[in-house]
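Remarks on the overall topology
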Amino acid sequence: MKRLLIAASLVLATSSPAAFASVPPVLTPQELDPLSSAPSVRIIDIRPATAYAENHIPGAVSAPYAAWRGPADSPGKLPEVTTLARLVQQLGLDNETHAVVVSTGENATDFGAAARVYWTLKYLGLEKLSVLNGGMQSWQAAGLPQDQSQPQVAASNYEPRLNTAILATQADVLSQIDNPQARLVDARPTAFFLGETKAPTASTPGTIRNAVNIEHSVWFKPGTNEIVSTGEAKAIAAERFPELVDDTIAFCNTGHWAATDWFALSELAGIANVRMYPESLAEWTNASHALPMDNTPGRGSQLLSQLKGLFN
Amino acid sequence: MSRLPLSLTIALGILALAWFVSLRQSVLFLVGLGMGGILAGARFGFTTGWRRLIEQRDASGVMAQIGLLAVAAAFSMPLLALFPNDLMAALGPPSISLLVGAFVFGAAMQIADGCGSGTLYKAGLGIPLNMAILPMFMLGSFLGSAHLDRWLSLGATPPIGLVNEVGPMNAFGLTLIGLAVVGALALAWSRRGGSGEAPRWLDRRLLIAGAGLALLAVLNLLIAGQPWGVVYGFGLWGAKIATAAGVFDPGANAFWSQPGNWSALTQTVFLDVTTITNLGILAGALWISARKAPGSTSLTAKQWAIGLLAGFLLGYSSRLAFGCNVGAMVSGISTGSLHGWIWVAMAFCGSLIGVRLRRHFSF
Amino acid sequence: MRTRTAALALFWIVLLLFLGWDWLHSTPVNHRQELPLIAAGSGKAPTGGHCSAF
């Protein structure tokens, strides 16, 4: 009975015009279960097609993560807006539908995929968005039903209205480096931030000049795959950022971990003016001019590692 | 001049290149130093070798050049097939400009007493005419590049690369046959008007020097990804100077507005491959001259004028011909480009005239 | 002999002056885009200027 009441109130809350943008950014499996059959709810399964084919939440549609990402040398690059628009239309999404992004849920890094798709949908102008906390792993652990049905979804004619307030370009980042009223947030593990290691897509280790480090993993309950609650996120944000600034830009290697930081700061902690630099360091380090960075290796160690590379 | 300060300066140059430019360029500079050392140390003159065959029936220089080509091809062709995306051959288009350019180059090089590599190593040795020719070479090469599209419109076919067409083994086989034919022709020429004496055709020092140069040319290909070249660097220097002087607009020029050439204009010449090997040859020859200074012959004013004009023509014609003896002959033939063979045939005809002109002007 | 030394010195001074001028007036070297030491096996197509270019 209690479950039915929760479900009913959630359905009412998400479908009434007054609650246009008030869907919770994170849903637990127990909260999603009763909604999954509602016609205005669209569950988007971003796992690989094989995983989806094996078993998925009843009513979910498949849109593997790769479709939302860029080419191999810059995965963080957004695909053409027309391509994304077609994808969104095929998924039957529009301003009325409530999109719920579902990933594998195996760890904190995997959450970044769901957060990235959430961010992409928000960038395209959709606002009724949620992520399933803990992904399919938590759904399965809760013993909730799955099937292999391929739901027929009517294509929408949604035309994207780009929400540029949540996107930062290379030029935006460059102009904010020396601005004390701006914060550049490196979402990567500390070893990357300190320049001790680098991703294959970046040409050099290090971080963007004047950036601070908030590892994406701080937003997760220790030992679990679940992201913290709104209240907990606010507390973490207040501790890391005691002062408010005008502009916060999250970045990482390819705009994956950065999506988690963006999601936690913007959607959970409710901080204003948080953006993400989607191409991140894969683009920044490969610019034709050397853009400002910190924690990069000196010329000597760069030469040494080139010489060492000869013998590998 | 004592060698130690020079050696230290060169060593400093190598380190400075590695630190401020790139490791690759510093190693290419080393390769150039080796080339300059061999060219100057063995006095390996392509021009002189041809002249000796023509005038004195001495085939030793030409045979050493044939040996160089065989060794270079033996390594370069399989490497090109092994690394098709990383390495490129010296593929120039057979064209009217190639015919004209190679012929003029063959003639001019005899008058200037130096081809591409010859001008460099002789300038490094400190021979005044060749030092003065370098700026003329630069001017000619730049103007040739600026005019290249007009020359090409007279008629050109796409380049023909033997390694792509018939595979590395067949390409090498064909190259060896071609070299054997040229060698037989050279030997036959050297035996004409027989004086009973066996003509010279084997000079051990030159053969070893040729093999050494070939190996360095292969290293150039492996490290830079492109074959040894001389002329491009000079054209680049000329283009940079002309652009800075405001007399040239690279954006409006067919050659220099191409992306690769355009970016070469904006970045330092130290990042250009042919510039670095040219500088290496100059420095290597300079180092040799510290112990083994060349003799000097003084020239009349008229000879100076003719020599400088020949230097200008060297630069201009080699750009038209898609390379000098290095870029077209050595690199073209050893990487299987048909244009290299056409270059040799035309340049030799030009040299026949050039040798006569040289005598006429009493060089 | 002295004129030869003078000519040699002039040549190298002019050359070094040109190289210095070029260094100061070119875009700074971007070490992040440094090409690998050996092109063979690097997976990067050659982009340098060469004599057979047209």
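Along each chain, residues carry numbers from 1 onward, in the same order as the chain's sequence is written. Chain labels run from A onward and ligand labels from 1 onward, assigned in the order the entries are written. Confidence filtering applies because this is a predicted model: local features only for residues at pLDDT of at least 70, side-chain atom pairs given and counted only at 80 or more, and all residues used for totals across whole chains, interfaces and linings.

1. Here's the deal with the overall build of chain A
Convention followed: Only DSSP runs of H or I with at least four residues qualify as helices, and only runs of E with at least two residues qualify as strands; both kinds are numbered from the N terminus onward. Based on C-alpha atoms, the radius of gyration is set beside the globule rule, defined as 2.2 Å times the residue count to the power 0.38. Residues with at least 20 neighbouring C-beta atoms inside 10 Å of their own are called buried, those with 12 or fewer are called exposed, and the rest are partly exposed, where every C-beta is derived from the backbone. A pair of residues counts as a contact when their C-beta atoms, built from backbone coordinates, are separated by no more than 7 Å.
Counting its regular elements, chain A contains 12 helices and 11 strands. A compact globule built from 312 residues would reach a C-alpha radius of gyration of about 20 Å, and chain A, at 20 Å, matches this within 12%. When its C-alpha atoms are laid out on the principal axes, chain A stretches across 65 × 45 × 40 Å. Across the 312 residues that make up chain A, the buried fraction comes to 41%. Considering only contacts within chain A whose residues lie at least 6 apart along the sequence, 76% involve residues at least 24 apart.

2. Quick notes on the overall build of chain C
Tallying secondary structure elements over chain C gives 1 helix and 0 strands in all. Its C-alpha atoms give chain C a radius of gyration of 18 Å, more than 25% over the compact-globule value 10 Å for 54 residues. Seen through its principal axes, chain C has C-alpha atoms that stretch 50 × 25 × 25 Å.

3. A look at the pairing of strand β9 (residues 247–251) of chain A
All names here are of chain A. How we decide: Any two strands are treated as partners once DSSP identifies two or more bridges connecting them. Handedness rule for crossovers: strands pointing away from the viewer, path from the first strand over the helix to the second running clockwise, crossover right-handed.
Of all 5 residues that make up β9, 4 are buried, and the element is covered over most of its length. Where strand β6 (residues 182–186) meets β9, 5 bridges bridge the pair, whose relative direction is parallel. From the neighbouring strand, L184 faces β9, where its bridge partner is I249. As paired elements, β9 and strand β10 (residues 274–276) share 3 bridges and run parallel to each other. Bridge pairing in β10 links T248 to V274. Between β9 and its parallel partner β10, the chain crosses via helix α10 (residues 257–268), and the hand of that crossover is right-handed.

4. Looking at the environment of G135 of chain A
Residues and elements named next belong to chain A. Relative to the helices and strands, G135 resides in helix α6 (residues 135–141). In sequence terms G135 and P29 are 106 residues apart; their C-alpha atoms lie 8.1 Å from each other. Apart from the residues lying within four places of it in its own chain, the contact partners of G135 are V102, S103, T104, G105, D110 and A114.

5. Here's the deal with the nonpolar core
Inclusion rule: Each nonpolar core reported here comprises buried Ala, Val, Leu, Ile, Met, Phe, Trp, Tyr and Cys residues connected via C-beta atoms within 7 Å.
In terms of nonpolar packing, the biggest core is built from 132 residues, with A102, A108 and W343 of chain B touching the most fellow members. Among the elements that line this core, the one with the most residues is helix α4 (residues 60–82) of chain B, at 12 residues. Residues I46, A168, I208 and A282 of chain A belong to the second largest nonpolar core, which totals 73 residues.

6. Here we look at the interface of chain C and chain B
Cut-off, in case you're wondering: All amino acids are sorted into three groups, where Ala, Val, Leu, Ile, Met, Phe, Trp, Tyr, Cys and Pro are nonpolar, Asp, Glu, Lys and Arg are charged, and the leftover types, Gly among them, are polar.
The interface is formed by 31 residues belonging to chain C together with 47 residues belonging to chain B. Among the residues making up the side of chain C that touches chain B, the classes are represented as 16 nonpolar, 11 polar and 4 charged.

7. Some points on the confidence of the model for chain A
We apply this condition: Scored from 0 to 100, pLDDT reflects the predictor's confidence in each residue.
Here chain A averages 93 in pLDDT, while 93% of its residues score no lower than 70. In this model residues 16–20 of chain A is a low-confidence stretch, pLDDT under 50, and it forms 2 contacts with partners more than four residues away in sequence or in other chains.

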